[in-house]
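Here is what each chain is made of, one letter per residue.
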Amino acid sequence: MTDSTAKDKKAQDQALDEALQESFPGSDPVSLTQPAPSKPDADSKRKDKAKG
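Position labels on residues start from 1 in each chain and follow its written sequence. The model is predicted, so local features are restricted to residues of pLDDT at least 70 and side-chain atom pairs to those at 80 or more, both for listing and for counting; the totals for chains, interfaces and linings are taken over all residues. To get the side-chain values, all heavy atoms of the structure are used, and hydrogens and water are removed first.

Participant: Describe the overall build of the chain, and please don't skip the residues or the numbers.
Facilitator: Tallying secondary structure elements over the chain gives two helices and zero strands in all. Of all 52 residues assigned to the chain, the portion counted as buried reaches 0%. In this description, accessible areas are obtained by the Shrake-Rupley approach with a 1.4 Å probe, and a residue is regarded as covered only by the protein chains that are shown. Surface summary for the chain: the accessible area is close to 5000 Å², and the carbon and sulfur share equals 53%. Helix and strand definitions follow DSSP, with helices as H or I runs of at least four residues and strands as E runs of at least two, each counted in order from the N terminus. Classification of residues uses two cut-offs on accessible area relative to the type maximum, computed with a 1.4 Å probe and protein chains only: under 20% is buried, over 50% is exposed, and between them is partly exposed.

Printed below as a string of structure tokens:
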């Protein structure tokens, strides 16, 4: 593992730890990434643009 990779991993671990502390107690797991929109979400965005 390179130095920058180790620093990135440490930064992600710290961000996750902070998010876990901020959300406790919570029922949903913390995620550092944003999932891609689902197909129904993408369709509604296209409809909204067509209206506007």
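Participant: Could you give an account of the pattern of salt bridges, naming the residues involved and the relevant values?
Facilitator: Only one rule defines a salt bridge in this text: a Lys or Arg side-chain nitrogen within 4 Å of an Asp or Glu carboxyl oxygen. Taken as a whole and assessed by the stated rule, the structure comprises one salt bridge. Of the charged contacts, one joins D13 and K9 as a salt bridge, the two residues approaching to 3.2 Å between their closest N and O atoms. In this pair, D13 and K9 both sit in helix 1 (residues 3–23), four residues apart, roughly one turn of the helix. Given a relative accessible area of 35%, D13 falls into the partly exposed group.

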